[in-house]
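Tertiary structure, described
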Amino acid sequence: MVKMTTENNKAKTKISVTNLDFYYSAVQALFDISIDVPAKQVTALIGPSGCGKSTFLRTLNRMNDTIPGTKYDGKIRIDDKDIYAPSTDVVALRKKVGMVFQKSNPFPKSIFDNIAYGPRIHGTKKQSELSEIVEKSLDRSGLWNEVKDRLHKSALKLSGGQQQRLCIARALAVDPEILLMDEPASALDPQATVKIEELIEELRADYTIIIVTHNMQQAARVSGFTAFFYEGKLVEFGETEKLFTKPQKKHTEDYVTGRFG
Amino acid sequence: MKNKSSEKYVYAAMRFTTYLVILVIAYIIIDIVWNGIGTLSVEFLTAAPKKSGAEGGIFPAIIGTLYLVTGTICIALPLGMSSAVYLSEYASPGRLTNIIRLAIITLAGVPSIVFGLFGLGLFVIFLNFGTSILAGSMTLACLILPTIIVSSEEALRTVPQSLREGSLALGATKWQTIYKNVLPYSIPGMITGSILGIGRAAGETAPILLTAAAFFLPKLPNSVFDQVMVLPYHLYVLATQHPDVTKVRPMQYGTALVLLLMVLGINLVAILIRGHFRKRYRW
């Protein structure tokens, strides 16, 4: 398969995937995926349920390692380093590649302790440093003004949208370079969704963001590049505008125009 | 029409059997309280037995039971909790794990006298602890390990997988994740389940009969290698071994009441702990 890259590829490649196959025990979930994800851009992964887009996302921070019986074949390089090489430090990888989950998962701790969780694990002990990181991360995710007076209250008391932004702030607190988002707004109401999308827009300048979404309007709104997955295969990858207006493949066209999905 | 009436009969039968269970429990409790309450006195609770238990109190047996329960907790809780963490967090599902689980379930079904014999062979004789608090605690610990492991695993399972993933995704190691983001939420449940198991162990007679219990020893133990009097065994002795069983009937009921109150007290502690932590962690 020819490697799918963007045609006028001025952006530097952050993640380079070549010939990736992925299996859950005997079931193959990804087939020969090759893609170059550009740095400091938002790349959307779209496709019908079960097409492998979430599986693909989770190969990028080796989150699938936690599922017994998974197997892969092929290469994934981030900043030209093979992340499945035996010498790879998975802890360092996951620090560099943050993840936000579909269902927001704040820890049953205070807002402060949620954000400080990552930095503490990576060795930051000084209270003043932690406070600084917490403020910066919450500010970055647009949550600071809403929660600054109740940092030590339980994070579970926040609204759904706030919880998801808290999770984004928590991911930012360990200073990642890449953010993986697995349908981050699918469980949120439209207003909260708008806030998440605005946040993604703001974060784009500093992070390489990959977002899985079911919502094609969302992909169109937030992403610069879009990859269309179908039945475990990468069908088409390109600039979002082109992919939506002039798709190269019939399949893509059918999907983005809503003929199936 | 016919369906409706059979519905009624089934309902009535179910209700009747449920009430029957309550009736049995109520009868036991009322009988023991009714006959035992008169025996309870400061002397009964704080004095050593005299004349093979016909007079005096049961203080050494109360203390002996407390020592055994404490020893059992200290041994069984860390062992059981660690096994549960291993089984539910680390062990990959497969043949070995299944065998381990099967072994634990089997262990739970082993009669308690067999545990007593095992304790006698291993702790009392082979390891040469003698008939002692240590040997008795270890034997009781073996007896309640399955309960602790099963209830601890259950408590670990109530922690949503998403919290583990969230922690791992931040670059935490597996142990950091367990230690900081799983155990804090599951320990209350683990402790509650374990204490309920320990309450049962406190009333066991067979395992300690062969490993820890003294027939008549009106003084307190000095070390973990000493024998002790314990409530369930003392009760057994009073009820069957005493030369004049009917004469010491009130002492039997008094001992039974104290044992009952102790077990209820242990269970109450478990319930209070659970209530306290339930308010703290909700998701």
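This is a predicted model, so every value here is computed, not measured.

Now for the overall build of chain A. Looking only at helices and strands, chain A features 10 helices and 10 strands. The C-alpha radius of gyration of chain A comes to 18 Å, within 12% of the 18 Å expected for a compact globule of 261 residues. Principal-axis analysis of the C-alpha atoms gives chain A an extent of 55 × 45 × 35 Å. With 261 residues in all, chain A has 53% of them scored as buried.

A separate point is the overall build of chain B. Within chain B, the secondary structure is distributed over 12 helices and two strands. Mapped in sequence order, the helices and strands of chain B form the string α-α-β-β-α-α-α-α-α-α-α-α-α-α. With the C-alpha coordinates aligned to their principal axes, the bounding extent of chain B is approximately 70 × 70 × 35 Å. Taking all 283 residues of chain B together, 43% fall into the buried category. Sequence-distant contacts, at least 24 apart, represent 73% of the contacts inside chain B between residues at least 6 apart. Carbon and sulfur atoms provide 69% of the accessible area of chain B, an area that totals close to 15,300 Å². For chain B, the separation between the mean place of its 21 positive charges and that of its 11 negative charges on side chains is 9 Å.

A few words on the pattern of salt bridges. Summed over all chains, the structure comprises 17 salt bridges over all chains. The shortest N-O distance in the salt bridge between A:Asp82 and A:Lys75 comes to 3.8 Å. Taking the relative accessible area as the measure of exposure, A:Lys75 reaches 35% and is therefore partly exposed. The salt bridge involving B:Arg101 is made with B:Glu153; its shortest N-O contact spans 2.7 Å. Residue B:Arg101 is found in helix α4 (residues 95–109), and its partner B:Glu153 is found in helix α6 (residues 133–157); the two are separated by 52 residues along the sequence. Overall, B:Arg101 belongs to the partly exposed group, its relative accessible area being 30%. Judged by relative accessible area, which is 6%, B:Glu153 ranks as buried. Each of A:Lys14, A:Asp79, A:Lys96 and A:Glu177 takes part in one network of salt bridges that share partners.

The α-helix winds at 3.6 residues per turn, so residues separated by three or four positions along the chain end up facing the same way. The end-to-end C-alpha distance of helix α3 (residues 59–90) of chain B, which contains 32 residues, comes to 45 Å, matching closely the 46 Å that a straight helix rising 1.5 Å per residue would cover. A bend of about 30° at B:Ala76 is the largest found in α3(B), and the proline B:Pro78 appears one to four places after it.

All names here are of chain A. Spatial strand order, β2-β1-β4-β5: four strands in an open sheet with antiparallel pairing. At either end of the open sheet lies a strand with only one pairing partner, and these are β2 (27–38) and β5 (81–82). Looking at chain direction, strand β1 (residues 13–24) and strand β4 (residues 70–78) are connected through eight bridges and run antiparallel. For Thr18, the partnering residue across the bridge sits in β4 and is Lys75.

Conventions and cut-offs
- Residues numbered from 1 in each chain as written.
- Chains lettered and ligands numbered in written order.
- Predicted model: local features only at pLDDT ≥ 70, side-chain atom pairs only at ≥ 80, totals over all residues.
- Heavy atoms only, no water.
- Helix = DSSP H or I, 4+ residues; strand = E, 2+ residues; numbered from the N terminus.
- Rg over C-alpha atoms; globule rule 2.2 N^0.38 Å.
- Buried < 20%, exposed > 50% of the residue type's maximum accessible area, 1.4 Å probe, protein only.
- Contact = heavy atoms within 4.5 Å.
- Areas by Shrake-Rupley, 256 points an atom, 1.4 Å probe, with all protein chains shown as cover.
- Lys, Arg positive; Asp, Glu negative; His and termini not counted.
- Charge placed at Lys NZ, Arg CZ, Asp CG, Glu CD.
- Salt bridge = Lys/Arg side-chain N within 4 Å of Asp/Glu carboxyl O.
- Expected span 1.5 Å × (residues − 1).
- Bend = angle between axes of the 7 residues up to and from the residue.
- Pairing = 2+ DSSP bridges.

Keep in mind these values describe shape, not function.
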